[in-house]
Amino acid sequence: MGLAYRADVDGLRALAIVPVVLFHIHLSAFPGGYVGVDIFFVISGYLITAILFREMKAGRFSLLDFYDRRIRRIFPALFVVLVATTLAAVFIMVPSDLLLYARSLRATTLFFSNIYFSKNLNYFQPEADLNPLLHTWSLAVEEQFYIIFPLLLFALIRWVRPNLLRPIILVLIVASLAHAEIRLSRNPIESFFSLPTRAWELLIGSALALGLVPLVTPRKGAWLSLAGLALIVAAIAFYDRHTRFPGLAALAPCLGAALILHGGASGANGMVQRMLASPVPVFFGRISYSLYLWHWPLLVLLAYYLGRRLSSTEGLMVAALSVGLASLSLFYVEAPFRKARRPGASRWAPVWAGGAAMALVVAFALTAIARDGRFWPMSDFARQADALARAQDPFMSWCSAPLSGPMRMPTRPECVIGKSEPTSEPESAQASAAASGAVPEQAAAPAFDVLLWGDSHASSLMAGLGEAATKAGASIRLVMLPACPPLNGVVTLHESIKGLERQCPAFNRGVLELIGETRPKLVVMAGRWLPWTTLPSGFAIRDGNDRYLSVEEARAAFVRGLTHNVDVVTGLGIPVVLVGQVPEVGYSPPHCITRAAFSGADTSHCLAQDRAKAMAGLAYSNEVLLDLAKRNPLVTTVLLSDRFCGKETCPTMEAGELLYRDPNHLSVAGSRMAAAFIDLAGVLRAAAGAQQAAGQGTGQAPPPAIR
């Protein structure tokens with residue numbers, strides 16, 4: 001049973017889809033455009049619940065009919081896009097990326113892509129952000145909601161007194177919102193993608209459709225609509241990638257959408273309703289579903305094919321193409337299937353057809369997964385590069401501090417390599433450290449001589465330094481947190497790691513406590529310094545007052561933060577090695593080689609980077625590290641750029657082995673090269689000599705070499 005058509009609802013859909021598309025093409029005027037998805041959730045909850053409620057009250061509700069309508073509404077356009085995207089992916093994606101795509105294709109088809117992406121979208125797999133099906137997470141949330149909600153609503157209407165309906169829905173909304181806010185602190189990625197943290201947004205629309213909010217006069221409805229529009233515009237204009245979202249921040253766009261829907265339902269015909277009901281917004285509202293489906297795969301696949309981020313002009317061209325495809329999809333795919341069943345047609349036909357479509361797509365996805373993403377022949381060199389592109393640094397999963405929840409240092413035995421004398425730390429001190437809450441379970445970690453402290457760049461050094469420590473008869477322990485270099489007193493932000501602003505300062509404080517408790521013979525500090533001295537896109541630094549820092553202010557904070565940590569460690573008499581960042585290549589050498597070989601092109605351009613490009617942004621941090629070594633005799637600075645770059649180029653391959661596994665992380669071969677240049681055995685000997693000289697009362701330790 002349908003509802004009376006409201007043109008302003010289509011216009012509200014336009015207000016949701018247009019900001020999403022413009023946000024995805026990185027237009028600076030729409031930093032909060034992602035809230036369009038939240039508006040869609042409210043609209044969906046409102047419309048679907050209104051239909052369900054009327055049918056249930058009239059005694060005509062059929063779960064089979066409901067899913068029949070959902071299949072005819074969702075499946076045709078979705079599977080056209082899935083087939084088209086998959087064909088393009090097979091022809092342009094290298095095997096490692098096609099494998100990731102196939103896994104997401106399976107999840108999308110079975111409507112659990114939100115769960116898949118919540119477990120796979122992280123710093124360790126940045127290519128996941130370029131998955132052509134990333135946007136389908138919202139479809140998965142909706143379909144999961146509509147598996148549960150019709151049954152819940154039916155039970156409430158049939159067996160619960162009508163006066164209890166409002167408080168029950170209200171409790172569900174508050175509980176879901178509270179859960180979203182709590183999970184936002186503990187697991188931000190899960191909070192963004194999961195149904196329990198998003199259900200309240202759909203339920204707000206449901207509450208309106210169930211009549212739980214009294215209607216107002218048309219005049220008041222017009223003012224409510226105006227207030228709703230202001231909330232939505234404010235969220236789009238003032239939210240950005242660093243906004244703590246969804247949680248309470250999602251209230252603005254959701255309440256804004258609800259106010260507009262409620263104002264229109266109250267008979268308002270003010271400025272907002274007239275604007276939304278005008279032809280252009282209505283057109284974009286009608287194509288909004290297909291436009292949502294098409295725009296993201298086109299953006300991702302074109303950027304993948306070109307091997308770079310799209311310009312704003314290119315993004316707008318893709319958006320225009322998406323509008324054209326969405327228009328065709330509306331008239332030739334969506335509209336024909338939305339028509340009611342023909343008399344005598346089986347009620348199960350759409351269900352069987354939808355199931356068959358799902359089975360075929362899943363079968364292809366499983367085939368691609370079984371073939372490891374390989375459908376076309378490749379050379380041995382390309383296969384080796386592809387294997388490296390797939391490789392993950394195991395130390396980042398073993399030795400990373402948690403990205404959410406209580407902060408604690410990792411204690412797995414795999415994070416300590418080499419042999420060391422038993423720790424002399426009293427058991428009581430170990431027990432008190434474990435009980436303090438700052439670094440619990442510390443006593444469970446094996447003893448170690450050298451502590452390697454930093455972010456993922458420190459982790460990429462662990463393989464080489466571990467081998468070097470073993471040869472030197474010493475042991476080394478890694479403690480790391482992604483995108484969190486050893487800097488004190490700065491709140492670091494990374495757009496792909498929500499919650500880092502809380503965990504990073506706690507992690508660095510915890511490492512200093514760990515050093516004070518265990519007193520290693522040497523501390524090695526390594527990190528990707530460039531973002532915190534140049535602030536490239538996707539990175540930011542805030543001070544304690546939540547104010548964003550300029551590049552000049554960020555550099556000053558970088559110097560203060562690093563100097564503080566160095567002074568604390570050397571103040572304990574422990575020598576420090578500062579490792580200058582490895583040069584950034586600007587592309588992933590393994591991917592470059594695999595893609596070039598895949599298309600039959602020359603791979604030579606993948607094997608070296610221009611020195612000026614690779615060194616861009618490293619000069620400031622290198623200078624700071626050198627200055628710290630000059631003023632502190634217990635500090636050694638090793639600049640990896642001196643080893644990885646020649647006079648004109650920075651090679652990405654040496655002795656037949658690739659040195660990088662992505663644009664800025666070293667491969668195992670690169671890690672060994674870096675470790676040889678750091679010369680851990682020599683530094684340990686110098687450290688022992690410095691400590692011995694200091695112990696004999698000379699008062700002056702001999703300065704180590706600066707490289």
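Before reading further, recall that the structure is shown in the block above.
### Things to note about the overall build of the protein
Check the secondary structure of the protein and you find 29 helices and twelve strands. If you take every contact in the protein between residues at least 6 apart in sequence, the share linking residues at least 24 apart comes to 79%.

### Considering a nonpolar patch on the surface
A grouping of Ile147, Ile148, Leu152 and Leu172 is seen on the molecular surface, where their side chains present a nonpolar patch of about 320 Å² in accessible area. Mapped onto the secondary structure, Leu152 falls in helix H6 (residues 137-159).

### Notes on unusual backbone geometry
Each neighbour pair has its own omega, and for Phe245 with Pro246 the value is 10°, a cis peptide bond. Following the sequence through the fold, Pro246 ends up in the loop between helix H10 (218-238) and helix H11 (251-265). One non-glycine residue with positive phi stands out, namely His26, at about 65°. By the element assignment, His26 lies in the loop between helix H1 (7-24) and helix H2 (36-58). Judged by its relative accessible area of 34%, His26 falls in the partly exposed class. Although it is not a glycine, Asp679 sits at a positive phi angle of roughly 60°. Mapped onto the fold, Asp679 is located in the loop between helix H28 (668-678) and helix H29 (680-695).

### Details of helix H15 (residues 312-338)
Remark: the principal bend of H15, roughly 40°, maps to Leu330. Those residues of H15 that sit buried are Glu314, Gly315, Val318, Ala319, Ser322, Val323, Ala326, Ser327, Ser329, Leu330, Val333 and Glu334. Packing partners of the buried residues in H15 comprise H1, helix H3 (63-92), helix H13 (279-286) and helix H14 (288-306).

### So, the packing of helix H5 (residues 113-120) against H6
Taken N-terminus to C-terminus, the directions of H5 and H6 make an angle of 130°; their axes are 7 Å apart at the nearest point. For the element pair H5 / H6, the angle class is oblique. Here Ser113, Asn114, Ile115 and Phe117 of H5 lie close against H6, whose contacting residues are Trp137, Ala140, Val141 and Gln144. The residue makeup of the contact of H5 with H6, split by class, is five nonpolar, three polar and no charged.

### With respect to the pattern of salt bridges
Evaluation of the coordinates by the stated rule reveals 24 salt bridges. For the salt bridge of Glu584 with Arg528, the shortest nitrogen-to-oxygen distance reads 2.7 Å. With a gap of 56 residues between them, Glu584 in the loop between strand E7 (576-580) and helix H24 (589-598) and Arg528 in the loop between strand E5 (522-526) and helix H22 (530-534) connect regions that are remote in the sequence. Overall, Glu584 belongs to the buried group, its relative accessible area being 14%. You can call Arg528 buried: its relative accessible area is 14%. Among the ionic contacts, a cluster of salt bridges with common partners joins Asp372, Arg374, Asp386 and Arg390.

### Section: the environment of Ile43
Within the secondary structure, Ile43 is located in helix H2. Classification of Ile43 as buried rests on a relative accessible area of 2%. When the C-alpha atoms of Ile43 and Cys254 are compared, they prove to be 9.3 Å apart, with 211 residues separating the residues in sequence. With sequence-adjacent residues up to four places away left out, Ile43 is seen in contact with Val9, Leu12, Arg13 and Leu261.

### A look at the state of the cysteines
In total, this model carries four disulfides according to the counting rule given. Covalent S-S linkage joins Cys399 and Cys415, the inter-sulfur distance amounting to 2.2 Å. Residues Cys399 and Cys415 share a disulfide whose torsion about the S-S bond is about -110°; that sign makes it left-handed. Remark: Cys415 occurs in the loop between helix H18 (394-398) and strand E1 (416-418) and Cys399 occurs in the loop between H18 and E1; sequence separation between them is 16 residues. Here Cys645 is linked by a disulfide to Cys650, with a sulfur-sulfur distance of 1.8 Å. Handedness of the Cys645-Cys650 disulfide follows from its S-S torsion of about 95°: it is right-handed. Judged on exposure class, the residue Cys645 and its partner Cys650 are both buried. With its disulfide-bonded cysteines labelled consecutively along the sequence, the protein is connected as 1-2, 3-4, 5-6, 7-8.

### Section: the packing of aromatic side chains
By the definition in use, this model includes 23 aromatic pairs. Considering the side-chain rings of Phe23 and Tyr34, the 5.3 Å spacing of their centres and the 70° angle between planes classify their relative orientation as edge-to-face. Remark: Tyr34 occurs in the loop between H1 and H2 and Phe23 occurs in helix H1; sequence separation between them is eleven residues. When its relative accessible area of 11% is taken as the criterion, Phe23 is described as buried. Tyr34 sits in the buried class, given a relative accessible area of 13%. Residues Tyr116 and Phe117 carry aromatic rings whose centres are separated by 5.3 Å and whose planes lie at 70° to one another, so their mutual orientation is edge-to-face. For the pair shown, Tyr116 and Phe117 are each scored as buried. One aromatic cluster is present, formed by Phe66, Tyr67, Phe145, Tyr146 and Phe149 through successive ring pairs. Stacked on the ring of Tyr620, the Lys or Arg Arg555 has its end atom at 4.5 Å from the ring centre. Across from the ring centre of Tyr304, 4.4 Å away, lies the NZ or CZ of Arg595, which sits over that ring.

### Here we look at helix H9 (residues 195-209)
With 15 residues, H9 extends 20 Å between its outermost C-alpha atoms, agreeing within 8% with the 21 Å of an ideal straight helix rising 1.5 Å per residue. The principal kink in H9, of about 30°, is found at Glu201. By the criterion of burial, H9 is predominantly enclosed, with 14 of the 15 residues buried.

### Description of the pairing of E5
For a regular strand, side-chain orientation follows a simple rule: the groups alternate between the two sheet faces. Counting buried residues in E5 gives five out of five residues, a clear majority hidden from the surface. Residues Leu522, Val524 and Ala526 point to one face of E5 and Val523 and Met525 to the other, with burial holding for every one of them. Bridge count between strand E2 (residues 450-454) and E5: five bridges; the pairing is parallel. Across the sheet, Val450 pairs through a bridge with Leu522, a residue of E5. Bridge count between E5 and E7: four bridges; the pairing is parallel. For Val524, the partnering residue across the bridge sits in E7 and is Val577.

### Observations concerning the pairing of E2
Among the five residues of E2, five are classified as buried, and the element is accordingly described as predominantly covered. Residues Val450, Leu452 and Gly454 line one face of E2 and the alternating positions Leu451 and Trp453 line the opposite face, and both faces are buried. Sheet analysis places E2 next to strand E3 (residues 475-480), joined by five bridges and oriented parallel. Each bridged residue has a counterpart across the sheet, and for Leu451 the counterpart in E3 is Arg477.

What counts as what
Residues numbered from 1 in each chain as written. Predicted model: local features only at pLDDT ≥ 70, side-chain atom pairs only at ≥ 80, totals over all residues. Heavy atoms only, no water. Helix = DSSP H or I, 4+ residues; strand = E, 2+ residues; numbered from the N terminus. Contact = heavy atoms within 4.5 Å. Patch = residues over 30% accessible without salt bridge, like charges linked within 9 Å, V, L, I, M, F, W, Y side chains within 5 Å. Areas by Shrake-Rupley, 256 points an atom, 1.4 Å probe, with all protein chains shown as cover. Salt bridge = Lys/Arg side-chain N within 4 Å of Asp/Glu carboxyl O. Buried < 20%, exposed > 50% of the residue type's maximum accessible area, 1.4 Å probe, protein only. Bend = angle between axes of the 7 residues up to and from the residue. Axes fitted to C-alpha atoms, helices over the stretch in contact; angles between N-to-C directions. Parallel < 35°, antiparallel > 145°, perpendicular 65-115°, else oblique. Nonpolar A, V, L, I, M, F, W, Y, C, P; charged D, E, K, R; others polar. Disulfide = S-S within 2.5 Å. Phe/Tyr/Trp six-rings, centres within 6.5 Å; stacked < 30°, edge-to-face > 60°. Lys NZ or Arg CZ within 6 Å of the ring centre and 35° of its normal. Expected span 1.5 Å × (residues − 1). Pairing = 2+ DSSP bridges.

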